[in-house]
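Breakdown of the fold
Each chain, written out:
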Amino acid sequence: MDFKRINEKLEILADAAKYDVSCSSSGSNRKNSNKGLGNSNGMGICHSYTEDGRCVSLLKILLTNHCIFDCAYCVTRKSNDIKRAAFKVQEVVDLTINFYRRNYIEGLFLSSGIFKNADYTMERLIAVAKKLRQEENFNGYIHLKSIPGASDELMREAGLYADRLSVNIEIPTEKGLKLLAPEKDRKDFIKPMEKVKNEIIQYKNEKKLLKRVPIYAPAGQSTQMIVGASGETDAEIMYTSAYFYKSFNLKRVYYSGYVPISNDNRLPTIGSAVPILRENRLYQTDWLLRFYGFDVRELLNKEHPNLESDIDPKLSWALRNLDQFPIDVNKADKRMLLRVPGLGLKSVNKIIKARRYRKLNWENLKSIGASLNRAKYFIICDSTTFETKDRTSAQLKSIILSNSNSKFSATLSNQLSLFDNHNTLSA
Amino acid sequence: MKTILKYDGSFEGLLSVVFYVYEHKLKEVSIIKDKHYEPNFFDHSIAILSEPKKAKRVWQGLSKKLSPKAKTKLYKAFLSETLKIENTILYYIRKALSASVSIENDFTDSEILHIEKTVKKVDREKHRMDAFVRFQLTKDGIYFATVEPDFDVLPLNARHFKTRYADQRWLIYDLKRNYGIFYDLLEVQTITLELAKDINRGDKASIYFTYEEIEFQKLWFNYFNSSNIVSRKNIKLHIKHIPKRYWKFLTEKKF
């Protein structure tokens, strides 16, 4: 192995792949059979964290950063003057195996620039996965990118070796896509996603009837949207997201705050801040939709097209719906408990278990882990003291804000002024 | 008067203490590891021998009142090595055995909640070891790693590493507690070794490890740095996820 050459390629092709935020390695069910190498059943493991605080779970690289497309938001776009490189199939296999054996990674996340055409590129990605599974007896996690426009036969084959497949729709709205990636068509993104969805459904049905069905993409599909590159609202992003969750049974939608990489005047200029706070609020909203029983229309609608930046979306919803509170934690059902600001999934589960023994008071709630500085305005419990004052939403909001410390407080004051400027510009 | 019960520090030993407490119908007791005991004039202390048969009886007897999950929790709490955790474990066992309904989820009881929280810490440390172990391939073909976990979690890690790395020989050594778990392609054993003092010194690596090993470490180091996005830098979050005490064992933090 020519370590020096491999190292050069690795630097280029890891650097190019890092804007893909997915690093999940959970949700698969591949066991280590016949004393092979690796497994990927159960929860994922973050083996390290980069200095930007993101999990490193997979060897995340591009097969090549040569690309025939010229999407404005993408660092590997054809017109960008950067170093180009390409791995050979065997090189990726060797890297994956050797990193995996040393417990650096959970597996491989392989994406690629599009060279020649969609099918040619997809074939090469599949070749890597196939080799890992068949020649190396590798049962670790493999995430392959579905190349927009790839044929149904190839997508079928990809799912036989990969745990997860993903297509990044990148731009949340069609008009944004037209502006920033005029050569691309939303239909091309959807086609492989549709095929994989149907294959997964078919696999699940066959499995009910037959004993031995080759497993197909056990960790499902995901996608990613870039946030803040095309002037979209939070509502547009989350409605698109909800649509994809529902129509394609996606496991995850990722939101990636746009990192300026180009002087193209259609995009935020180089040096402008990455919208990290906004990204965080979108993830909170995503969680509310997937785990807390909220409907996207409750959180974002015509009157509220954007999330509030200074408070989280659940608190924001509660303040708009004060008529539904306070609730009694000793009686309320799970659905309503989950809607209380300051109560997370884990606290709610603990509350439900613990209240079978006796009625809970403030002390109990606190030791269980509820954030009472927010929750206390929305609940009553086994105690004679509770918040009795009738306050307006605005009053409550200012009390809660003054009693809490946001990790974003510095960003917040900065970004707020940025938003203000932005508004005056667009008004 | 409170009786101090000393034991050898093993889980079997602790269960033998529980047996003793029930056998002699002791009320006020305090359990402590031999090595932590400092004799003084006022205490009445008894050394309890570790007896596998009695320990087994206690462990099996617990199944009448505790779910397998709760029993595992007690074992994990024990591995935390937290001072006085033995007393909390005894409290838990007594409460469970005397109650007519399951006590496992009674989080309004501060001692039960304490077990719950301790288990959470131990689980997190176990998970960290699953993540932060970095094997180095030695010249004699063993994937070798050293660790210093906050709690005594290696017994919990054995199964994960055994199923995952079924086709390679590996050894994970706890430097703090001076023992390791070794997999010989068949099963995992606990072993104690005299490790060379300079085994973790970068400038001596070529004595113990292959050329390829060192090259792969460099590749990983460079990969790690290439995948960072500088404009999103967040060192606080970085350190929260990988506290500095783990850095010396991480290849990506080594060079």
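Residues numbered from 1 in each chain as written. Chains lettered and ligands numbered in written order. Predicted model: local features only at pLDDT ≥ 70, side-chain atom pairs only at ≥ 80, totals over all residues.

Identification of chain B as TIGR03915 family putative DNA repair protein from Aequorivita xiaoshiensis is taken from an unreviewed UniProt entry.

Here is the rule we go by: UniProt positions are given in the numbering used here, feature names are shortened, and annotations may be inferred rather than shown by experiment.
An unreviewed UniProt entry lists chain A under the name DNA modification/repair radical SAM protein, with Aequorivita xiaoshiensis given as the organism. Taken verbatim from the UniProt record of chain A, the Cofactor (unreviewed entry) comment is "[4Fe-4S] cluster".

**Description of the overall build of chain B**
Under the convention used in this document: The helix count covers DSSP runs of H or I at least four residues long, the strand count covers runs of E at least two residues long, and both are numbered beginning at the N terminus. Exposure classes come from backbone-placed C-beta atoms, where a residue is buried if 20 or more other C-beta atoms lie within 10 Å of its own, exposed if 12 or fewer do, and partly exposed in between. By definition, residue pairs are in contact when their C-beta atoms, positioned from the backbone, come within 7 Å.
Scanning chain B from terminus to terminus reveals nine helices and eight strands. Seen through its C-alpha atoms, chain B measures out along the principal axes to roughly 65 × 45 × 40 Å. Split into buried and exposed, the 255 residues of chain B put 31% on the buried side. Sequence separation of at least 24 residues holds for 67% of the intrachain contacts in chain B that already meet a minimum separation of 6.

**Observations concerning the UniProt feature "domain: Elp3/MiaA/NifB-like radical SAM core" (unreviewed entry) in chain A**
The UniProt entry lists residues 57–284 of chain A under the feature "domain: Elp3/MiaA/NifB-like radical SAM core" (unreviewed entry), expressed in the numbering used here. As a span, residues 57–284 of chain A carries 42% helix and 14% strand, and end to end its C-alpha atoms are 22 Å apart.

**Section: the domain arrangement of chain B**
Quick note on the threshold: Each domain's extent was defined by an automatic or database domain assignment.
According to the domain assignment, chain B contains domain 1 (1–62), domain 2 (68–130) and domain 3 (133–253). Placing a centre on the C-alpha atoms of domain 1 of chain B and another on those of domain 3 of chain B gives a separation of 36 Å.

**Points about the confidence of the model for chain A**
Residues and elements named next belong to chain A. Here is the rule: What pLDDT reports is the predictor's confidence in each residue, on a scale of 0 through 100.
Scored by pLDDT, chain A has a mean of 91; 95% of the residues are at 70 or more. Looking at the elements of chain A, mean pLDDT is at its lowest for helix α16 (residues 409–426), recorded as 48, and at its highest for helix α2 (residues 89–101), recorded as 98. Under a pLDDT of 50 for its full length, residues 415–427 has, in the predicted model, three contacts with residues more than four places off or in other chains.

**Quick word on the interface of chain A and chain B**
What counts is decided by this rule: Gly is placed with the polar residues, together with every amino acid not listed as nonpolar (Ala, Val, Leu, Ile, Met, Phe, Trp, Tyr, Cys and Pro) or charged (Asp, Glu, Lys and Arg).
Each partner contributes to the interface: chain A provides 43 residues, whereas chain B provides 39 residues. For the side of chain A that touches chain B, the secondary-structure elements that each account for two or more residues are α1 (3–15), β3 (48–49), α2, α12 (345–354) and α13 (362–368) of chain A. At seven residues, the largest contribution of residues to the side of chain A that touches chain B is made by α1 of chain A. Partitioning the side of chain A that touches chain B into residue classes produces 18 nonpolar, 13 polar and twelve charged.

**Some details on the pairing of strand β1 (residues 3–7) of chain B**
Residue and element names in this part refer to chain B. The following threshold applies: Should DSSP find at least two bridges between two strands, the strands are regarded as paired. Orient the strands so they point away from the viewer, and a crossover whose first-strand-to-second-strand path over the helix runs clockwise is right-handed.
As defined by bridge partners, β1 adjoins strand β3 (residues 44–47) across four bridges and the pair is classed as parallel. Looking at β3, one finds that threonine 3 is bridged to histidine 44. The pairing of β1 with strand β2 (residues 29–33) spans five bridges and is classified as parallel. Residue threonine 3 lies in a different strand from β2, and its bridge partner there is valine 29. With helix α1 (residues 11–23) bridging β1 and its parallel neighbour β2, the resulting β-α-β unit is right-handed.

**Considering the sheet that holds strand β9 (residues 221–227) of chain A**
All names here are of chain A. Basically, it comes down to this: All axes are obtained by fitting lines to C-alpha atoms, using only the stretch in contact for helices, and the reported angles, taken between N-to-C directions, cover 0 to 180 degrees.
Taken together, six strands build an open sheet; the order of strands is β5-β6-β7-β8-β9-β10 and the sheet is parallel. Edge positions in the sheet fall to β5 (58–62) and β10 (252–257), since each of these pairs with one other strand and no more. Neighbour-to-neighbour, the strand axes of this sheet turn through a mean angle of 20 degrees, independent of strand direction. Against the sheet, helix α8 (residues 276–291) engages β9 and β10, with an angle of about 165 degrees to β10.

**A short note on the pairing of β10 of chain A**
All names here are of chain A. Of all six residues in β10, six are buried; the element is thus mostly enclosed. Burial along β10 is two-sided: Arg252, Tyr254 and Ser256 facing one way and Val253, Tyr255 and Gly257 facing the other are all buried. Looking at chain direction, β9 and β10 are connected through six bridges and run parallel. If you follow threonine 223 over to β10, its bridge partner there is valine 253.

**Looking at helix α3 (residues 118–134) of chain A**
Quick note on the threshold: Any helix carries an expected span of 1.5 Å times its number of residues minus one.
Over its 17 residues, α3 of chain A extends 24 Å from the first C-alpha to the last, a length consistent with the 24 Å expected when each residue adds 1.5 Å. Where α3 of chain A is buried, its residues touch α2, β6 (107–111), β7 (141–145) and α4 (152–161) of chain A.

**Here's the deal with the sheet that holds β1 of chain B**
Residues and elements named next belong to chain B. Taken together, the three strands give an open sheet; going across it, the order is β2-β1-β3, and neighbouring strands pair in parallel fashion. Strand pairing shows two members of the sheet lacking a second neighbour, β2 and β3, which therefore form its edges. Shown here is a sheet whose adjacent strand axes are inclined to one another by a mean of 25 degrees, direction ignored. Strands β1 and β2 of the sheet are contacted by α1, whose axis makes an angle of about 145 degrees with β1.

**Observations regarding the confidence of the model for chain B**
A residue-level look at chain B finds 100% of positions with pLDDT of 70 or above and a mean pLDDT of 94. In the model output, the complex is listed with pTM 0.91 alongside ipTM 0.94.

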